[in-house]
Amino acid sequence: MGFSYYSALTQVIIVGFVCFLCPGMFNAVNGLGGGGQLDATAGNNANTALYSTFVVFGVLGGAIVNLCGVRWTIFGSGFTYALYSASYIYLNHKADGSFTIAAGALLGVGAGILWAAQGMIMVSYPREEEKGKYIAIFWTIFNLGGMLGGILPFAINYHSDSGSNSDGVYIAFVVLECLGSVMGLALAPPSKVTRSDGSSVVLVKYTSVGKETIGILKLFINPMMLALLPMCFTSNFFYSYQFDNINGALFNIRTRGFNNMFYWGFQMLGAYLISLLLDTQRFSRKVRGFIAFVVVFVVFNAIWGGSLALHNKYPKGLELADRIDFKDTHRAAGPIILYLVCGIGDALYQSFAYWIIGALSNDSQQLARYAGFYKGMQSFGAAIAWQLAAKKVSVSHQLIANWVLFGISIPSMLYVLWTIRDHSEDSHVKGDIDSDSYHADKTAEVVQGA
């Protein structure tokens, strides 16, 4: 189908640029450690508020998207990112974190809905053999946002030693996030989108509040969703450790921006490399899944092993080390390389997780609920992690928690991989509620909104 407006590929690219401008800029702010502030307390508390509301609206997000449509939900959600970035301008002048924390809570609402819409588009629009490629395309575009967001503070703060971002950095983020929100209106209604083989993306006749309520409740008794819960919980838990305790604690403000350029840039590399494995036709889908698992397992153990070595280098604590500048190559090289590998690991983990979810079904409405569940439970873990950082839990204990949680997620992840088949049914996982509606009048008008 090429690059026609209504092709699945075009729609994934559009949502990629929305996330480039909204979550991508947020990642850039967060990746600086403490939201780019010298004192990370307000940023950590804001992240706790954000991920606490994200837990609820991540789970509800799939139902909201199914009922209201992708265009308007993404349009409205995008502005919550702009408000959050703007709150740091207030923080710069008033030294009062209450507005930033409130903006974080509101962002959790918007982000939960936006990511449910994004997840539905990314894993339900492509054909089965193209899901890895589409995830990589999205992840590359999305992380260009984080990369650009690293360039901005690096350039603007290049001659600054204040320890905090200037207003100009946050103003640039606000403008870009507003643009991303408006770009959400460029998405086509799912009912008009076609895959590369000409098949229609959406085959469901209708949805309703009652149906979505039942669908959400069934997620919590769905054996596959319950098995994936440790994976979901762990998948963003490590952000507070990496952003605050590696990038934020060790480096000065301009070097944090410098590091973020490469952290998000290496994410693009990681997403591309794992997509080659996940879509190869040389192996069955189950075998591909197990090989990808081994890759993720090795990389993450290397990350936590390297983090342990970094701790041993600073026995008094990473947070007490003198701030490193990127020009001090003798001190900077090792920690920067570790941080870049963290970026690769994040992309491998997230791409693999989305691929597993996409392998469970081809039903776009059910996948919207699965994506919402994934982001909701992911945010549950992140809320706890950011609060641990806000409460000044020791860096070594945070490292141990990350490593242990990754180990706990392994058995159930392997169980789900064992159940994966080469071809998904429209309702592959027990607990789906849409099997009857898929046999309804497939030629009727689809009412899934804009």
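Everything numeric here is computed off the predicted structure, so don't read it as measured data.

How each quantity is defined
Residues numbered from 1 in each chain as written. Predicted model: local features only at pLDDT ≥ 70, side-chain atom pairs only at ≥ 80, totals over all residues. Heavy atoms only, no water. Helix = DSSP H or I, 4+ residues; strand = E, 2+ residues; numbered from the N terminus. Buried < 20%, exposed > 50% of the residue type's maximum accessible area, 1.4 Å probe, protein only. Contact = heavy atoms within 4.5 Å. Areas by Shrake-Rupley, 256 points an atom, 1.4 Å probe, with all protein chains shown as cover. Core = buried A, V, L, I, M, F, W, Y, C linked by side-chain atoms within 4.5 Å. Lys, Arg positive; Asp, Glu negative; His and termini not counted. Salt bridge = Lys/Arg side-chain N within 4 Å of Asp/Glu carboxyl O. Polar contact = N/O pair within 3.5 Å; in protein donor to acceptor, adjacent residues only side chain to side chain. Patch = residues over 30% accessible without salt bridge, like charges linked within 9 Å, V, L, I, M, F, W, Y side chains within 5 Å.

A. Inspection of the overall build of the protein chain at higher detail. Along its length, the protein chain carries 16 helices and zero strands. Put simply, the protein chain has 450 residues, and 61% of those count as buried. Nonlocal contacts in the protein chain, meaning residues at least 24 apart in sequence, comprise 86% of its contacts between residues at least 6 apart. Summed over its atoms, the accessible surface of the protein chain is roughly 15900 Å², and 69% of this surface lies on carbon and sulfur atoms.

B. Structural view of the nonpolar core. Within the largest apolar cluster, 126 residues are counted, with the highest numbers of intra-cluster contacts made by W115, F138, L228, M231, F352 and I356. Among the elements that make up this core, the one with the highest residue count is helix α13 (residues 329-358) (15 residues).

C. Layout of the side chain of E177. Residue position: E177 is located in helix α7 (residues 167-183). Despite its burial, E177 remains without a salt bridge, the nearest opposite charge being carried by K375 at 15 Å. Among all residues touching E177, those that are not within four sequence positions of it are L21, C22, M25, F26, G78, Y81, A82 and S85.

D. Highlighting the side chain of T100. With respect to the element layout, T100 can be found in helix α5 (residues 98-124). At a separation of 3.3 Å, a polar atom in the side chain of T100 contacts the main-chain carbonyl oxygen of S87. Once residues within four sequence positions are removed from consideration, T100 is found in contact with A46, Y84, S87, Y88 and L91.

E. How the structure looks around a nonpolar patch on the surface. A contiguous nonpolar patch, built from W72, F79, V182 and L185 and spanning about 380 Å² of accessible area, is present on the exposed surface. Residue class for L185 comes out partly exposed when judged on its relative accessible area of 33%.

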